[in-house]
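Take a look at the letters that make up each chain.
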Amino acid sequence: AVRMDVPILIQGETGSGKELLARLAHDSSGRRGEFVAVNCAALPEALFEAELFGYVGGAFTGARREGSIGLIASADGGTLLLDEVRELPLPLQAALLRFLDDRLVRPVGGTAARRVDVQLLAATNLPLEDEVAARRFRDDLMYRLNTVKVVLPPLRHRSDFAAAVHSLLHTLDRRATVSADAVQRLARHAWPGNFRELRAVLTQALLARRSQGRDHQIGLDDVDPLLPAAVGTAGPPA
């Protein structure tokens, strides 16, 4: 999909790996430009347009004298990830739709447009269809972004849960291992924080073992106190 230069929408719960997948898409695209990730929920609404499309010097109070090319242009030749794209204000949604149609960036306060070549990825933790129904998101932009849609499963529904635990643990400590019964206990947790939460639990278990001068194998006794009482099985559905 990225080699066809079409927009990709990545949907998944917080911590399910949306940005990691976006970086993989960038690496797979063969593009030589930068990977630029923008958290739409973190940008002040008043500065959204200037941050994305750039601005000329003196375009508004507080603008830098030399201006700014903006985040879209900084990804020229590379990949732009709009994380939490549903947080884009409606006026900016119209501007983004126009950019997707003509690939031209016009900075705030400027008259000249610049053609930009970016691979656009968008990520959301809630279905955009729900945002459209609530009239918080433009349906025409949703259709444009939704050319290719990838839905990441939450950690509790992954069929490769054990492999995910071993892989993440390896990134924390190459010497560390985890016992089978510890993995089974981890699989019974619902993981509302997904991989971020799993990373925190594994890190705490490793630190506890190190502080006690023990080896690098995480066991059931290490993870059980870090998790709430297990209720049923939260693993992949049958």
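The structure contained in this document is the topic of the report that follows.

To continue, consider the environment of arginine 31. As for its placement among the helices and strands, arginine 31 is situated in the loop between helix 1 (18-29) and strand 2 (35-39). In the structure, arginine 31 is positioned 130 residues away from phenylalanine 161 in sequence and 32 Å away in space, judged by C-alpha atoms. Discounting chain neighbours no more than four positions away, the residues touching arginine 31 are Asp5, His26, Gly77, Gly78, Thr79, Asp117, Val118 and Gln119. Reaching out from arginine 31, the side chain makes a polar contact with the backbone oxygen of glycine 78 at a distance of 3.3 Å. Here aspartate 117 takes part through its side chain, which lies 3.0 Å from a polar atom of the side chain of arginine 31.

In this section: the layout of surface pockets. Reported here for the largest pocket is a volume of approximately 640 Å³. Surrounding the largest pocket, 21 residues form its lining, Gly15, Ser16, Gly17, Leu20 and Phe195 being those nearest its centre. Taken together, the elements giving at least two residues each to the lining of the largest pocket come down to helix 1, helix 7 (161-172) and helix 9 (194-211). Examining the composition of the lining of the largest pocket, we find that five residues originate from one element, helix 1, more than from any other. The class makeup of the residues in the lining of the largest pocket is seven nonpolar, seven polar and seven charged.

This part is about the pairing of strand 1 (residues 8-11). Burial along strand 1 is two-sided: Ile8 and Ile10 facing one way and Leu9 and Gln11 facing the other are all buried. Bridge count between strand 1 and strand 7 (residues 148-151): four bridges; the pairing is parallel. Note that in strand 7 the partner of leucine 9 across the bridge is lysine 149.

All right, on to the nonpolar core then. By size, the foremost hydrophobic cluster in this structure holds 31 residues, and its most contacted members are Leu52, Leu82 and Leu88. At the level of secondary structure, the elements contributing two or more residues to this core comprise strand 2, helix 2 (48-53), helix 3 (70-74), strand 3 (79-83), helix 4 (90-102), strand 6 (119-124) and helix 6 (139-145). Per element, the largest residue contribution to this core is six residues, and it comes from helix 4. In terms of nonpolar packing, the next biggest core, distinct from the first, is built from 20 residues, Leu155, Leu198, Ala205 and Ile218 among them.

What counts and what doesn't
Residues numbered from 1 in each chain as written. Predicted model: local features only at pLDDT ≥ 70, side-chain atom pairs only at ≥ 80, totals over all residues. Heavy atoms only, no water. Helix = DSSP H or I, 4+ residues; strand = E, 2+ residues; numbered from the N terminus. Contact = heavy atoms within 4.5 Å. Polar contact = N/O pair within 3.5 Å; in protein donor to acceptor, adjacent residues only side chain to side chain. 1 Å grid on protein atoms, 1.4 Å probe; cavity = no way out; pocket = protein on both sides within 12 Å on 5 of 7 lines; lining within 4 Å. Points joined across faces, edges and corners; volume = space filled by probe spheres on them. Nonpolar A, V, L, I, M, F, W, Y, C, P; charged D, E, K, R; others polar. Buried < 20%, exposed > 50% of the residue type's maximum accessible area, 1.4 Å probe, protein only. Pairing = 2+ DSSP bridges. Core = buried A, V, L, I, M, F, W, Y, C linked by side-chain atoms within 4.5 Å.

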